[in-house]
Amino acid sequence: MVPAPSLPDPTGPLLEEILVPLLQDYAESFDRGLLLLDHCPETVLSLADQHQLRVRLDEARRSLAAARALRAAAPTPMGLAMETITPWHRLVVEVWSLSARLRAVGIRP
């Protein structure tokens, strides 16, 4: 008996179509967060909290770069675990919140 020919995995293109823009959105949000911190007065966020957020944004940027590199090196399309993406999402929400707080005091970097 001859084995049936294998068909291409249809999830690969869909995964790429969804994940690539999502990862780009994370990168842009992390960059935006760093820009906001450059313009953030202590009255909006304490220096200690600014430092902590900057450290987490830098760490997330490195983690995102590593995930992108691993995906690019993989021979087949590869997703990311929710355990990886969830902290990034929480960080994006923090960036949105900081942006809103800055806008409330008239700062629009």
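Residues numbered from 1 in each chain as written. Predicted model: local features only at pLDDT ≥ 70, side-chain atom pairs only at ≥ 80, totals over all residues. Heavy atoms only, no water.

(A) Main features of the layout of surface pockets. Approximately 160 Å³ is the volume attributed to the largest pocket. Arg56, Glu59, Ala60, Ser63, Pro87, Trp88, Arg90, Leu91 and Glu94 are the residues that line the largest pocket. The element that contributes the greatest number of residues to the lining of the largest pocket is helix 3 (residues 82-104), accounting for five residues. Split into classes, the residues belonging to the lining of the largest pocket amount to four nonpolar, one polar and four charged. (1 Å grid on protein atoms, 1.4 Å probe; cavity = no way out; pocket = protein on both sides within 12 Å on 5 of 7 lines; lining within 4 Å. Points joined across faces, edges and corners; volume = space filled by probe spheres on them. Helix = DSSP H or I, 4+ residues; strand = E, 2+ residues; numbered from the N terminus. Nonpolar A, V, L, I, M, F, W, Y, C, P; charged D, E, K, R; others polar.)

(B) Highlighting the packing of helix 2 (residues 47-73) against helix 3. Where helix 2 meets helix 3, the axes come as close as 11 Å, and the angle between the chain directions of the two elements is 135°. By the angle between their directions, the pair helix 2 and helix 3 is classed as oblique. Where helix 2 crosses over helix 3, the two elements pack in a sense that is left-handed. Facing Leu53, Arg56, Leu57, Ala60, Ser63, Leu64 and Ala67 of helix 2, the residues of helix 3 in contact are Trp88, Leu91, Glu94, Val95 and Leu98. (Axes fitted to C-alpha atoms, helices over the stretch in contact; angles between N-to-C directions. Parallel < 35°, antiparallel > 145°, perpendicular 65-115°, else oblique. Left-handed = near helix turned anticlockwise from the far one by under 90°. Contact = heavy atoms within 4.5 Å.)

(C) Inspection of the environment of Thr43 at higher detail. Its location among the elements puts Thr43 in the loop between helix 1 (11-38) and helix 2. On the basis of relative accessibility, which here comes to 75%, the residue Thr43 falls in the exposed class. (Buried < 20%, exposed > 50% of the residue type's maximum accessible area, 1.4 Å probe, protein only.)

(D) Highlighting the environment of Gly79. Residue position: Gly79 is located in the loop between helix 2 and helix 3. When neighbours within four sequence positions are excluded, Gly79 is seen to be in contact with Leu15 and Leu19.

(E) Structural view of helix 3. Between the first and last C-alpha of helix 3 there are 33 Å, a value that for 23 residues agrees with the 33 Å anticipated at 1.5 Å per step. Taken together, the buried positions of helix 3 are occupied by Ile85, Trp88, Leu91, Val92, Val95, Leu98, Ser99 and Leu102. (Expected span 1.5 Å × (residues − 1).)

(F) Just the nonpolar core, in detail. Judged by nonpolar contacts, the single largest core of 23 residues is most densely connected at Tyr26, Phe30, Leu53, Leu57, Leu64, Trp88 and Leu98. Listed by contribution, the elements that provide at least two residues to this core are helix 1, helix 2 and helix 3. Looking at this core element by element, the count peaks at eight residues for helix 1. Setting aside chain neighbours within four positions, we find Phe30 in contact with Leu57, Ala60, Arg61, Leu64, Trp88, Leu91 and Val92. (Core = buried A, V, L, I, M, F, W, Y, C linked by side-chain atoms within 4.5 Å.)

(G) A look at the side chain of Ser29. Structurally, Ser29 can be placed in helix 1. By relative accessible area, which is 16% here, Ser29 ends up buried.

None of this, on its own, says anything about what the molecule does.
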